[in-house]
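One letter stands for each residue in the lines below.
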Amino acid sequence: MTMDKSLRMRSGLIRNRSVLTRAERIERLKEADRWGEGDSPFGLDKVRVYKMALKKKKKKKKEEEEGEEGAAAEGEATTT
């Protein structure tokens, strides 16, 4: 039986996780000085998980073509 594409793990978990493990939550609470040694690891405060927004890269093909044409035109202008 084959496995569905959505269930395959090619390079691990790529998308953002919406839930942190207890250790990760304690780590973040320590960074924010909201958790101290001796505090109970049960009933931890909520910790916000920030989503990373990636900017889309602009296509450079047109810019490269324009740059090559501009450089060729400048080279011709200097030789005449």
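The sections below set out a description of the structure shown in this document. (Residues numbered from 1 in each chain as written. Predicted model: local features only at pLDDT ≥ 70, side-chain atom pairs only at ≥ 80, totals over all residues. Heavy atoms only, no water.)

In total, this model carries two salt bridges according to the counting rule given. Notably, a salt bridge pairs Asp45 with Arg34, separated by 3.8 Å at the nearest N-O pair. Linking Asp45 in the loop between α1 (22-31) and α2 (61-79) with Arg34 in the loop between α1 and α2, this pair joins segments that are 11 residues apart in sequence. Residue class for Asp45 comes out partly exposed when judged on its relative accessible area of 40%. (Salt bridge = Lys/Arg side-chain N within 4 Å of Asp/Glu carboxyl O. Helix = DSSP H or I, 4+ residues; strand = E, 2+ residues; numbered from the N terminus. Buried < 20%, exposed > 50% of the residue type's maximum accessible area, 1.4 Å probe, protein only.)

What follows deals with the nonpolar core. Counting residues in each nonpolar core, the largest one holds six residues, listed as Leu20, Ile26, Leu29, Trp35, Leu44 and Val47. In this structure Trp35 touches Ile26, Leu29, Lys30, Ser40 and Leu44, once residues within four positions along its chain are discounted. (Core = buried A, V, L, I, M, F, W, Y, C linked by side-chain atoms within 4.5 Å. Contact = heavy atoms within 4.5 Å.)

So, about the layout of surface pockets. Its volume calculated, the second largest pocket comes out at about 150 Å³. The residue makeup of the lining of the second largest pocket, split by class, is four nonpolar, no polar and five charged. (1 Å grid on protein atoms, 1.4 Å probe; cavity = no way out; pocket = protein on both sides within 12 Å on 5 of 7 lines; lining within 4 Å. Points joined across faces, edges and corners; volume = space filled by probe spheres on them. Nonpolar A, V, L, I, M, F, W, Y, C, P; charged D, E, K, R; others polar.)

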